[in-house]
Amino acid sequence: MVTVEANVGPGLPGMHIVGLGDAAVKESRDRIRTALANTAMPWPRTKIMVSLSPAHLPKAGSHFDLPIALTVVGSLDPRAQARLKRTMFMGELALDGTLRRVEGILPMLLRSRAPGGDDGPDTVVVPRANAAEAALLGRGDILVAGTLPEVWRWVVGEGHLDPAPAASRGGAPAGAAPDFADIAGQLLERDAMEIAAAGGHHVMMVGPPGSGKSMLAERLPGILPEMSVGEQIETTALHSAAGISRGHIVAHRPFIAPHPSLTRVELIGGGSGVPQPGAVSQAHNGVLFLDEASEIAAGVLDSLRIPLETGRVVHRRSRREVIYPAHFQLILAANPCPCGSAGERCSCQPGQRARHLANISGPLRDRMDIFIPTTAQSAVVSPRGSESSAEIAQRVAAARDRAQHRWARAGVSAAVNARVSSTVLRRDFPPDEETVITLQGLLKDGELTQRGVDKVLKLAWTVADLAGEDQPRIDHLDRALALRASHMVGAGAGAVA
Ligand SMILES: [Zn+2]
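In this text, all values refer to a predicted model and were calculated from it rather than measured experimentally.

**Observations concerning the sheet that holds strand β8 (residues 142–145)**
- Strand order in the open sheet formed by 4 strands is β4-β7-β8-β9, with mixed pairing between adjacent strands. This sheet does not close on itself; its edge strands, each paired only once, are β4 (87–89) and β9 (162–163).
- Relative to β9, β8 is paired through 2 bridges, and the arrangement is antiparallel. Paired with L143 across the bridge in β9 is P163.

Here it is as structure tokens:
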């Protein structure tokens, strides 16, 4: 929260803004002076000192225009003091005094009502262009305004401002995500995606070009449960902070598919100045699809490990830290070898094939739950091939429900199986003897790591949840092992289905 103060005193006319503002804050002075002149509002013809505090924190953005303009004009009018002291203002000024929309408004609005913040403002005034985002919060203390004079009349008690309109949620267009009904055949792949959706498991796909990797990936959000209002607010706030929301509410699970040339900062966020949310945070509550994974730099890919483990990214700066949530379902996709043809027609040198996918480190691979070898051949027409996303989503929702009730009985509020802690899993839900013996054997032979064992167990729970069973049996475990083991065949996996 930044406090704006102005001192209007004797001296040469001019305005100085102190408090570590960036270029946009410094240019504020010219926008304000022009906007005031064009709207015939008073301007003190003397020395004006504006201070933004706390002074030691850097400030960025054009949204300080409105509070600075009001503070300066308000210093001439005692009627303004009461409302200026108890209100939070945000808005960029156009030269004619119109209020322009502000990027990142949702995180700021959430902060104005932070838990425990008793000294927060009574009221918040935002540009009318931000009304849709403000409406999402359903709060009565947020007012919208179109122009600076409108706000000024309200501040001095001569005018009225409208509250942010009620949210128009659920009005999102149908069919926002493409439908599984469009994919014929590929039964194994479809099943694997259903399991991934039901348990929140990460997926790695390896297969030749044209084997449907992107088609499968972009259909995952459509079989996940609808986002709750809380999730919509979280994800919209992150899109807002990243400057990609364009004032829209993120009503459906996001599907973020960056180009393989992306940098570490583009992937996990950060950058100079105010840290930005990266792709992992833009995909929060949704799906992050990294296609052509063999083309992504190893260091970039490896930066995924912390968000995958903790569900958030912490950006440290000299005096503060910024934390962005990053709970996403990851889909990595790659060709089986550099030429992409796989199998007998492959024209790659043995060395090229060996180096292929070497950029995906062992630890990152180990964090992937399901490995899907996609093949062009498996795309055959079948009765189940035309099942729609809505039908699959029903089974996914039922399985998630079953899981949530189970974890709740153990006092764990896990949204999905993949996020249940391994300790809880082993302590409160021990597997049967047959399962234990099988897994211990695989661990001893080096076929699975300890993390791999936990991941297979969680997968087996998801398979059992989808089958409507109360406990994973050995055939559920076998299915889980098969889903995870496909990557053992390595390069050329596409031909081995
Ligand atoms: Zn090849």
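**Focus: helix α16 (residues 389–409)**
- Taking 1.5 Å of rise per residue, the 21 residues of α16 would be expected to cover 30 Å, and the 30 Å separating its terminal C-alpha atoms lies within 8% of that figure.
- Every buried residue belonging to α16 is among S389, I392, A393, V396, A399, R400, A403, R406 and W407, and all of these are buried. The buried residues of α16 occupy one face: seen down the axis, they fall within an arc of 150°. The outward face of α16, more than 90 degrees from its buried face, is lined by the exposed residues A390, Q394, H405 and R409.
- Where α16 is buried, its residues touch α7 (187–199), β17 (329–334), α17 (422–428) and α19 (450–467).

**Re the confidence of the model for the protein**
- When pLDDT is averaged along the protein, the result is 86, and 92% of the positions lie at 70 or above.
- Confidence, expressed as mean pLDDT per element, reaches its minimum in the protein at helix α4 (residues 105–111) with 81 and its maximum at strand β14 (residues 287–290) with 98.

**Things to note about the packing of aromatic side chains**
- Evaluated as defined, the whole model comprises 4 aromatic pairs.
- Between W407 and F429, the aromatic rings sit 4.9 Å apart at their centres with planes inclined by 85°, giving edge-to-face as the arrangement. Note that W407 is positioned in helix α16 and F429 in the loop between α17 and α18 (433–444), a separation of 22 residues in sequence. There is no split in this pair, since W407 and F429 are both buried.
- In this structure an aromatic cluster arises from ring pairing among W407, F429 and W461.

**Points about the nonpolar core**
- Core analysis: the biggest nonpolar cluster contains 45 residues, and M193, M205, L220, I331, I370 and W407 have the highest contact counts within it.
- Among the elements that line this core, the one with the most residues is α19, at 7 residues.
- Ignoring sequence-local partners within four residues, the contact set of I370 consists of A192, I195, A196, H201, H202, V203, M204, L459 and L483.
- Core analysis: the next-biggest nonpolar cluster, separate from the first, contains 33 residues, W43, F64, V73 and A80 among them.

**Here's the deal with the pairing of strand β18 (residues 370–373)**
- Residues I370 and I372 line one face of β18 and the alternating positions F371 and P373 line the opposite face, and both faces are buried.
- Strand direction decides the pairing type here: strand β10 (residues 203–206) and β18, joined by 4 bridges, are parallel. Across the sheet, V203 pairs through a bridge with I370, a residue of β18.

**Remarks on the environment of I195**
- Position of I195 relative to the elements: it lies in helix α7.
- Every residue in contact with I195, bar those within four places of it in the chain, is listed here: H201, I370, L459, T462, V463, L466, R479 and L483.

**Some words on the environment of A410**
- Along the polypeptide, A410 turns up in the loop between α16 and α17.
- Put simply, A410 and F429 are 19 residues apart on the chain and 9.0 Å apart in space, counted from C-alpha to C-alpha.
- Beyond its immediate stretch of four places on either side in the chain, A410 contacts D428 and F429.

**Considerations on the sheet that holds β17**
- Sheet architecture is open: 5 strands sit in the order β11-β14-β17-β10-β18, paired in parallel fashion. Each edge of the open sheet carries a strand with a single partner, namely β11 (255–256) and β18.
- Across 4 bridges, the pairing between β10 and β17 is parallel. Bridge pairing in β17 links M205 to A333.

**Digging into the coordination of the zinc ion**
- C337 (SG), C339 (SG), C346 (SG) and C348 (SG) make up the full set of protein donors to the zinc ion, lying at 2.1 to 2.4 Å.
- Taken together, the 4 donor atoms coordinating the zinc ion and their angles of 102 to 116° define a geometry best described as tetrahedral.
- Taken in chain order, the donor set of the zinc ion reads C-x1-C-x6-C-x1-C.

**With respect to the pattern of salt bridges**
- Scanning the model with the defined rule gives 29 salt bridges in all.
- In this structure, the salt-bridge partner of E150 is R128, at a minimum N-O distance of 3.7 Å. Taken together, the positions of E150 in helix α6 (residues 148–155) and R128 in the loop between β7 (123–127) and α5 (131–136) put the pair 22 residues apart, joining distant regions of the chain.
- In this structure E150 comes out as partly exposed when scored by relative accessible area, which is 22%.
- Using a relative accessible area of 41% as the deciding quantity, one classes R128 as partly exposed.
- In this structure, R484 engages D366 in a salt bridge whose closest nitrogen and oxygen atoms are separated by 2.7 Å. Remark: D366 occurs in helix α15 (residues 362–366) and R484 occurs in helix α20 (residues 474–485); sequence separation between them is 118 residues. Here R484 and D366 have matching classes, each one buried.

About the thresholds
Residues numbered from 1 in each chain as written. Predicted model: local features only at pLDDT ≥ 70, side-chain atom pairs only at ≥ 80, totals over all residues. Heavy atoms only, no water. Pairing = 2+ DSSP bridges. Helix = DSSP H or I, 4+ residues; strand = E, 2+ residues; numbered from the N terminus. Expected span 1.5 Å × (residues − 1). Buried < 20%, exposed > 50% of the residue type's maximum accessible area, 1.4 Å probe, protein only. Arc of directions from axis to C-beta. Contact = heavy atoms within 4.5 Å. pLDDT = per-residue confidence, 0-100. Phe/Tyr/Trp six-rings, centres within 6.5 Å; stacked < 30°, edge-to-face > 60°. Core = buried A, V, L, I, M, F, W, Y, C linked by side-chain atoms within 4.5 Å. Donors = N, O, S within 2.8 Å, 3.2 Å for Na, K, Ca; no water. Tetrahedral: all angles 85-135°; square planar, octahedral: opposite > 155°, others 65-115°. Salt bridge = Lys/Arg side-chain N within 4 Å of Asp/Glu carboxyl O.

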